[in-house]
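Breakdown of the fold
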Amino acid sequence: MSFSSELIKGTLKTIVLKLLKDNKKMYGYEITQKVRELTSEKIQLTEGALYPTLHALEAEGLLRTEVEYQGKRMRKYYSLSPSGVRKSQERISELTDFINTLSFLLDLKTGHA
Amino acid sequence: MYLLSDEQIDFILNDIRARGVETESLQQDLLDHVCCIVEQELEENGDFEQFYHTVIRRFYRRELREIEEERALLLTFKNYYAMRKVMIVSGLLTAVTLMVAAVFKIMHWPGAAILLVLGIVQVSLIFLPLLLIFKLREVSAARDKAIFALGTIAGSAYFLSMLFKIMHWPGANIMWVCTLLFSFFVFLPLYFFTGIRKEETRMNTLVSTILLLSVIGTQFALTRIHPPGLEQKNVVVTTVTQPSN
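Presented here is an overview of the structure given in this document. Please read these numbers as outputs of a predicted model, since none were measured by experiment.

**Notes on the overall build of chain A**
- Along its length, chain A carries six helices and three strands.
- Reading the helices (α) and strands (β) of chain A from amino to carboxyl end gives α-α-β-α-α-β-β-α-α.
- Among the 113 residues that make up chain A, the fraction classed as buried is 35%.
- Considering only contacts in chain A between residues 6 or more positions apart, those separated by 24 or more positions represent 48%.
- Accessible area for chain A stands at about 6,700 Å²; split by element, carbon and sulfur atoms hold 55% of it.

Here you go:
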């Protein structure tokens, strides 16, 4: 089973920032493959969501790109900028906190036990 | 593993362009992505074209240019906070400028005119249009969007015709009358009949409509529209009284 795109949408930026934090530089296809592999195909990023997010993060100054030519085509590697490194930490802590709150909220029995 | 030829890479790039993806960096991202998939998943003697079409189909729901639209949406959202700041600052500046202008005008101090022009241009060409952009994001129905757009036009026209009138610029009267007619016959009915239908907006709509009606009514009463004969009389009076000055 894979998760719905609505669920992934709100966390996509954080997922991308975290992956780039751990892997230094990655290109789009590599990111999708890595996420598939790490989540045993439970999270499958769509190209339609990934590239707009990458471009938005780049426009916000959180990502840097470098281009490498692969024969006739070019491959764009994305990596974190210094402000991206700071932001990724913030986003990860925020999401962790959110997940904890959500698990408490949805699993009331354990919460009140 | 499949090896793509240069012609096949050109074919993919041209197809991505033909499907409406216009931003070059996005074209290159998608091209590399498709090439990676083809190279990884297609067998050495597989049918390239057929495989390409199944692959590209996985990228979108209706058409490929969705990705371009989504990108544009995310990038404009980036400016959201900056735009909101400009809107608030321009609104505050307008209020201050207009109040100072009014004092200057009453006291007949020099500079009143330039302050008035600045204030009104600011409110009608910066503040109101920015407000419209934000409001358009909040609603999804085409009818609501139209109401906001018409309201902004009416508001801007109101301020601009007031400016023309105060500055005695030519065309002020016709602008003024057009604004009032537009507000009364186009904007107000659309606003009223849309808002009155929904339970949650009914009360608000009623109150705002009454207020708007009284404003438009009062403004219209204050507007001097002369029948042609009367206007001639005025001219005569002015010419008669002029020599005595």
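Now, onward.
**Remarks on empty space enclosed by the protein**
- Scanning all chains against the criterion turns up one cavity of 30 Å³ or more.
- Its boundaries defined by the atoms lining it, the largest cavity holds a volume of some 30 Å³.
- Taken together, Tyr27, Gly28, Tyr51, Met74, Arg75 and Lys76 of chain A together with Gln28, Asp29 and Asp32 of chain B make up the full set of residues lining the largest cavity.
- Per-class residue counts for the lining of the largest cavity are three nonpolar, two polar and four charged.

**Brief notes about the sheet that holds strand β2 (residues 63-70) of chain A**
Residues and elements named next belong to chain A.
- One open sheet accounts for three strands, arranged β1-β3-β2; its pairing is antiparallel. Because the sheet does not close on itself, it has two edges, and the strands there are β1 (25-26) and β2.
- Pairing of β1 with strand β3 (residues 73-80), which is carried by two bridges, proceeds in the antiparallel orientation. Pairing of Lys25 across the sheet is with Ser79, part of β3.

**Looking at the nonpolar core**
- Formed by 48 residues in total, the largest nonpolar core has its most connected members in Ile12 and Phe59 of chain B.
- Elements that contribute at least two residues to this core include exactly α2 (12-23), α3 (28-38), α4 (47-59) and β3 of chain A together with α1 (6-18), α2 (24-41) and α3 (48-57) of chain B.
- At eight residues, α2 of chain B tops the list of elements feeding residues into this core.
- Excluding residues that lie within four positions of it along the chain, Ile12 of chain B makes contacts with Leu4, Leu31, Val34, Cys35, Phe48 and Tyr52 of chain B.
- In terms of nonpolar packing, the next biggest core, distinct from the first, is built from five residues, Ala101, Leu116, Ile120 and Leu163 of chain B among them.

**Some thoughts on the pattern of salt bridges**
- One pass over the structure, following the stated rule, counts 17 salt bridges over all chains.
- A salt bridge links Lys198 of chain B to Asp144 of chain B; its shortest N-O distance comes to 3.7 Å. Of the two residues, Lys198 of chain B sits in the loop between α8 (172-195) and α9 (202-222) while Asp144 of chain B sits in helix α7 (residues 142-166), which places them 54 residues apart along the sequence.
- Here the salt bridges share partners, and the residues they tie into one network are Arg73 and Arg75 of chain A together with Asp32 and Glu39 of chain B.

Cut-off values and rules
Residues numbered from 1 in each chain as written. Chains lettered and ligands numbered in written order. Predicted model: local features only at pLDDT ≥ 70, side-chain atom pairs only at ≥ 80, totals over all residues. Heavy atoms only, no water. Helix = DSSP H or I, 4+ residues; strand = E, 2+ residues; numbered from the N terminus. Buried < 20%, exposed > 50% of the residue type's maximum accessible area, 1.4 Å probe, protein only. Contact = heavy atoms within 4.5 Å. Areas by Shrake-Rupley, 256 points an atom, 1.4 Å probe, with all protein chains shown as cover. 1 Å grid on protein atoms, 1.4 Å probe; cavity = no way out; pocket = protein on both sides within 12 Å on 5 of 7 lines; lining within 4 Å. Points joined across faces, edges and corners; volume = space filled by probe spheres on them. Nonpolar A, V, L, I, M, F, W, Y, C, P; charged D, E, K, R; others polar. Pairing = 2+ DSSP bridges. Core = buried A, V, L, I, M, F, W, Y, C linked by side-chain atoms within 4.5 Å. Salt bridge = Lys/Arg side-chain N within 4 Å of Asp/Glu carboxyl O.

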